Amino acid sequence: MIRTITKTLAAFSFLTVRGLSVTPPGCKVLPVDANWPSIDEWNRLNASLEGNLIRTAPIGSPCHNPTFDQVQCDVVRNNWNRTLFHEESATSIISEGMFTNQSCSPFTPPDAQCIIGVYPQYSVNVSTPAHVITAVRFVKQHNVRFVVKNTGHDVMGKVLGAGSLSIWMHNLQNRTWIDNFSSSRYIGPAVQVQAGVLSDTLYQDAHQRGHIVIGGSFPTVGIAGGHLQGGGHSVLTNVYGLAADNALSYEVITPTGRFIRTSPTENEDLFWALSGGGGTTYGIVWSVTVKVFPDVPVVVGRLNFASFGISEDLYWDSISVFQDHTPVFTDGNSYAAAFYDKSTFTLSMFAVNNSRSGFLQLVKPITSRLNVIGISFNLSVSPFTDLRSAFLNLFGDTQSRDIYASNSIGVTTTRLLPRLQSTEIALKIKQLTRKLANAGGSVVDLPLRPTLKIAGNPENAVLPAWRNSERHFILTKVLDDSATGDEINTAQMQFRNDFGEPLKRLTPGAGAYLNEADPSDPNWKNDFYGVNYQRLLQIKDKWDPDGILFGSTAVGGDRWVEQKDGRLCRIIG
Ligand SMILES: Cc1cc2nc3c(=O)[nH]c(=O)nc-3n(C[C@H](O)[C@H](O)[C@H](O)COP(=O)(O)OP(=O)(O)OC[C@H]3O[C@@H](n4cnc5c(N)ncnc54)[C@H](O)[C@@H]3O)c2cc1C
């Protein structure tokens, strides 16, 4: 029997009844089509997967008739803002409200709509490479859409797909520590990490061995999936570059169903593309081997002030001190993350290989200037002997940080700002952020500068704009949780016009981080991949000749269109 993740399967069984629709030419099959795989075919697939096929149901389905279950519904509602809750579901994602068009919200009344919509129809709980190979062969044979899910942190809409079969990498948790990795490019300690391992899990392991590794700043982001394959910034970016810069080799299942190894000397083109060219595009990563570094003492600092009781001008003058001084961190090989809106400014700082006095010296250009302009601020400084203790202090661990406004729906635009040479451009960017804050939005401002030199001169597909960046600049505005897909699209377009386009005009030639950007950026090919795009497309076509892997902003994604009913169709011509 195919496993079900909830008791609600009956409510959705109509979706698998074979209908009379004919799949349009060039399109993926949907459950309403005559040629959707039969129950017998799904059962045979399940048998060949050793019973690991899951018949899915939307995570909100216990809150709706005819399968309403108050106890289960309360579980869903009470855990909705936990990243791990979505991570432990075979198909749910953290930002699901952005992409599901209210198809099965747990917060609507029991009689409100609950349909499977863009959630995958089936999922494979993967534990062997053979499971992945079987799944890719099945989707190819039956023309079924295919998606890959690891943690579900994706904010670009690549983990969901109407009428899809998903593979769930979550339970691949092996870590193999290698004392003396040796290749023509690197000799030293390394770790081989399977596809489902979370950042914090690896940080704990590394700490026990006196090492540090590159992963997400958020503890529940995956190591080997979208984070590293899309570039991957971290608290160590200004010291060791991006996550992709530290990849040494991969084990990969190709979309044609082969299990292979890639490194700078073996299937080099695939290695190059997987290291920064985006997840779910060229192959399914089974494991990645990454560099490991010796543990270091770290100083954590926090600085904050508020707009309460001071003039708006003084508040924004104070924020501009940080905006003008980001090289304190990028040149100082330190991490900083500023969050600001119209009422508060908070700056979290993380300085490796530093002491309390060294840290105070580092941030002195900022604190002195704040004193001169007369803002009162709080500054706390905490030295730690190792990176993990500092990380726990700043970000918390998997459990303590397991909160995220997963059901908050918002609009976003991001830009990798280069170091600004002109005070006029800097001023215009400051005016833009003030305008955003006054319109109810907020800014996450991350001084990140993974130059080629810092990254160790890797050859990979990381967007060249990263090498010249000074700040990963994220502008967002939260929308009402009941917003529909159309409302989100309209708001995103407006946001792009008001903030995204002006930012682009002020920073021509820069780009945006493909994992954290406007998911409907019309210029995504250039903004996310730059001059690498054509080479990446050739590599995609070589390794994925049938176009099994798709993402609307993944390389080759513009060859497909999603129709109103979610059906994915190849653009002919
Ligand atoms: C709360 C939060 C915090 C974040 N913090 C950071 C941060 O500190 N630094 C940073 O750089 N980014 C950060 N991000 C963005 C994050 O890196 C991306 O969302 C990333 O794609 C997540 O990858 P994942 O594998 O964990 O998640 P998933 O959502 O499961 O996958 C993301 C993408 O990768 C693909 N994928 C997953 N596994 C594989 C695989 N084995 N082979 C091929 N493709 C695969 C998926 O199909 C999808 O396209 C954050 C996002 C959120 C929501």
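Residues numbered from 1 in each chain as written. Predicted model: local features only at pLDDT ≥ 70, side-chain atom pairs only at ≥ 80, totals over all residues. Heavy atoms only, no water.

**Student:** I'm lost on the overall build of the protein chain in this one. Help?
**Tutor:** When helices and strands are counted, the protein chain shows 18 helices and 21 strands. Taken against the 2.2 N^0.38 rule, which gives 25 Å for 573 residues, the C-alpha radius of gyration of the protein chain at 24 Å falls within 12% of a compact globule. For the protein chain, the spread of C-alpha atoms along the three principal axes comes to 75 × 55 × 50 Å. By residue count, 59% of the 573 residues in the protein chain fall in the buried class. Sequence-distant contacts, at least 24 apart, represent 74% of the contacts inside the protein chain between residues at least 6 apart. Put simply, the protein chain shows about 22200 Å² of open surface, and 52% of that area lies on carbon and sulfur atoms. (Helix = DSSP H or I, 4+ residues; strand = E, 2+ residues; numbered from the N terminus. Rg over C-alpha atoms; globule rule 2.2 N^0.38 Å. Buried < 20%, exposed > 50% of the residue type's maximum accessible area, 1.4 Å probe, protein only. Contact = heavy atoms within 4.5 Å. Areas by Shrake-Rupley, 256 points an atom, 1.4 Å probe, with all protein chains shown as cover.)

**Student:** Whenever I open this one, the sheet that holds strand β7 (residues 187–194) confuses me. Can you help?
**Tutor:** Hydrogen bonds between backbone groups are what pair the strands of a sheet, and the pairing can be parallel or antiparallel. With antiparallel pairing, five strands are arranged side by side in an open sheet as β6-β7-β11-β9-β10. Both edges of this open sheet fall to β6 (175–182) and β10 (259–262), since each of them pairs with a single strand only. For this sheet the average axis-to-axis angle between neighbouring strands, irrespective of direction, equals 20°. As paired strands, β6 and β7 are joined by six bridges and run antiparallel to one another. (Pairing = 2+ DSSP bridges. Axes fitted to C-alpha atoms, helices over the stretch in contact; angles between N-to-C directions.)

**Student:** Just to check I follow, could you spell out the environment of Lys477 for this structure?
**Tutor:** If you trace the backbone, Lys477 turns up in strand β19 (residues 469–479). Overall, the relative accessible area of 30% leaves Lys477 in the partly exposed class. Sequence separation between Lys477 and Val213 is 264 residues; the distance between their C-alpha atoms is 32 Å. A distance of 3.1 Å separates a polar side-chain atom of Lys477 from the backbone oxygen of Ala439. (Polar contact = N/O pair within 3.5 Å; in protein donor to acceptor, adjacent residues only side chain to side chain.)

**Student:** What is the right way to look at the nonpolar core in this model?
**Tutor:** Where a protein is soluble and globular, its nonpolar side chains tend to be buried together. One finds Tyr250, Val288 and Phe350 to be the most contacted residues of the largest nonpolar core, which totals 68 residues. Built from parts of two domains, this core gets at least three residues from each of domain 2 (175–294) and domain 3 (298–529). Discounting residues that sit within four places of it in the chain, Phe350 has contacts with Val235, Val298, Val299, Val300, Ser334, Tyr335, Leu387, Ala390, Phe391 and Leu394. Residues Trp316, Phe329, Leu432 and Leu479 belong to the second largest nonpolar core, which totals 42 residues. (Core = buried A, V, L, I, M, F, W, Y, C linked by side-chain atoms within 4.5 Å. Domains from an automatic or database assignment.)

**Student:** Any chance you could explain the state of the cysteines here in plain terms?
**Tutor:** In a disulfide, the sulfur atoms of two cysteines are held together by a covalent bond. Inspection of the entire model under this criterion finds three disulfides. At a sulfur-sulfur separation of 2.1 Å, the disulfide partner of Cys104 is Cys114. Looking down the S-S bond of the Cys104 and Cys114 bridge, the torsion is -75°, so its handedness is left-handed. Here Cys104 is found in the loop between α4 (83–87) and β3 (122–125), whereas its partner Cys114 is found in the loop between α4 and β3, with 10 residues between them in sequence. Judged on exposure class, the residue Cys104 and its partner Cys114 are both buried. Taken in sequence order, the bonded cysteines of the protein chain link in the pattern 1-6, 2-3, 4-5. (Disulfide = S-S within 2.5 Å.)

**Student:** What's the story with the side chain of Thr433 in this structure? I'm lost.
**Tutor:** Inspection of the secondary structure assignment puts Thr433 in helix α15 (residues 423–438). Setting aside anything within four residues of it in sequence, one finds Thr433 in contact with Trp316, Gln323, Tyr340, Val443, Phe473 and Leu475.

**Student:** Just to check I follow, could you spell out the domain arrangement of the protein chain for this structure?
**Tutor:** You'll often see interface size given as the accessible area lost when the parts meet. Segmenting the protein chain into domains produces domain 1 (10–168), domain 2 (175–294) and domain 3 (298–529). Listed per partner, the contact involves 18 residues of domain 1 and 17 residues of domain 2. Summing both partners gives a buried area of about 1300 Å² for domain 1 against domain 2, and 70% of it is carried by carbon and sulfur. Applying the counting criterion to the domain 1 and domain 2 interface returns three residue pairs in polar contact (both at pLDDT 80 or more). Elements supplying a minimum of two residues to the side of domain 1 that touches domain 2: α4, α5 (129–142) and β4 (145–149). Considering every element that reaches the side of domain 1 that touches domain 2, the biggest residue donor is α5, with five residues. Broken down by class, the residue content of the side of domain 1 that touches domain 2 amounts to nine nonpolar, six polar and three charged. (Buried area = accessible area lost by both parts, 1.4 Å probe. Nonpolar A, V, L, I, M, F, W, Y, C, P; charged D, E, K, R; others polar.)

**Student:** What is the right way to look at the packing of helix α2 (residues 39–48) against α5 in this model?
**Tutor:** Two numbers describe a pair of packed helices, the interaxial angle and the distance between the axes. Direction vectors running N to C along α2 and α5 enclose 160°, while the axes themselves pass 10 Å from each other. Between α2 and α5, the crossing angle belongs to the class labelled roughly antiparallel. Handedness of the α2/α5 crossing: right-handed. From α2, Glu41, Trp42, Leu45 and Ser48 reach across to α5, where they touch Thr134, Phe138 and His142. A class-by-class count of the residues in the contact of α2 with α5 yields three nonpolar, three polar and one charged. (Parallel < 35°, antiparallel > 145°, perpendicular 65-115°, else oblique. Left-handed = near helix turned anticlockwise from the far one by under 90°.)

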